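Listed below, chain by chain, are the residues.
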Amino acid sequence: MLLVISELYFEFVQRGYFLRGGIDYGLFIDKSAIALGVPLATAYKMETTQAVFPRIVLSKNFIKQFEVYPSEGVQVFTSMFTSSLIKSSCEIHYLNVFSHIFKVEDKEHFFEKYNQNITENLTNSRFSENIFLKYRWLADEFNSFIEIYTSSLAFYDENFEATDEFLETVKQLKVSYGH
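Residues numbered from 1 in each chain as written. Predicted model: local features only at pLDDT ≥ 70, side-chain atom pairs only at ≥ 80, totals over all residues. Heavy atoms only, no water.

Trainee: Would you mind showing me how to read the pairing of strand E7 (residues 86-89) here?
Mentor: The side chains of a regular strand alternate, first on one face of the sheet and then on the other. With four bridges connecting them, E7 and strand E8 (residues 92-95) associate as antiparallel partners. Bridge pairing in E8 links Ser88 to His93. Connecting E7 to the antiparallel partner E8 that follows it, the hairpin turn spans two residues, and Cys90 within it adopts a positive phi of roughly 55°. (Pairing = 2+ DSSP bridges. Helix = DSSP H or I, 4+ residues; strand = E, 2+ residues; numbered from the N terminus.)

Right, dumping it as structure tokens:
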């Protein structure tokens, strides 16, 4: 499900839009005319209060579905791939939308589209501090992902051989916005 959401996020990025939202886990009523329940209310609250950046916030209930406890007091995710999908900042967990790279054939295009659209939004929001900070946060996340991807994650992709040339090209696609 997280990969599907990452794919949806990328579909919107290609059109110049960045999403924000919240995901919770639990029971709710889903009928043809109504959807009602605590998870929907929690997701809405997370979207309005915690997803202040273009990100998809994940509730503690949702995160618990991916955790295992190999020994008392130790909590880890079920796989390395899952741990690369879920990021955290202080008490907030959120989806690493850039992990969609593992499902994309044209990986260079993926990085180029993110670079292009983040850069464009930074430029367009340069006179609005509140909006600019949101895209600066996203640029920092993107640049951090590029660093991790080119130094290690690219080598875990079983269906793609990362050449030195490709890795250098990706490194050049970091977003610069005048630190």
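Trainee: Is there a simple way to think about the sheet that holds strand E4 (residues 56-58) in this case?
Mentor: Pairing is mixed in the open sheet, where four strands are placed in the order E1-E4-E8-E7. At either margin of the open sheet sits one strand with a lone partner, and together these are strand E1 (21-23) and E7. In this sheet, adjacent strand axes meet at a mean angle of 35° when their direction is disregarded. Two strands pair when backbone bridges link them, and E1 and E4 are joined in this way by three bridges, in the parallel orientation. Considered in E4, the bridge of Gly22 is made with Val57. Here helix H2 (residues 38-49) sits on the sheet in contact with E1 and E4, set at roughly 145° to E1. (Axes fitted to C-alpha atoms, helices over the stretch in contact; angles between N-to-C directions. Contact = heavy atoms within 4.5 Å.)

Trainee: Explain unusual backbone geometry to me, please; I cannot follow it from the model alone.
Mentor: Both trends apply: most residues other than glycine have a negative phi, and most peptide bonds are in trans. Positive phi, close to 55°, is recorded for Cys90, a residue that is not glycine. Position of Cys90 among the secondary structure elements: in the loop between E7 and E8.

Trainee: Looking at this structure, how should I read the nonpolar core?
Mentor: One recurring pattern in soluble globular proteins is that nonpolar side chains are buried together. Grouped together as the largest cluster of nonpolar side chains are 43 residues, with contacts concentrated most on Phe111, Tyr114, Ile118 and Tyr149. Mapped onto this core, the elements with two or more residues apiece are helix H1 (2-13), E4, helix H3 (60-64), E8, helix H5 (107-124), helix H6 (129-151) and helix H7 (164-171). Beyond its immediate sequence surroundings of up to four residues, Phe111 is in contact with Ile101, Phe142, Phe145, Ile146, Tyr149, Phe166, Val170 and Leu173. (Core = buried A, V, L, I, M, F, W, Y, C linked by side-chain atoms within 4.5 Å. Buried < 20%, exposed > 50% of the residue type's maximum accessible area, 1.4 Å probe, protein only.)

Remember that the coordinates give geometry; whether it matters functionally is a separate question.
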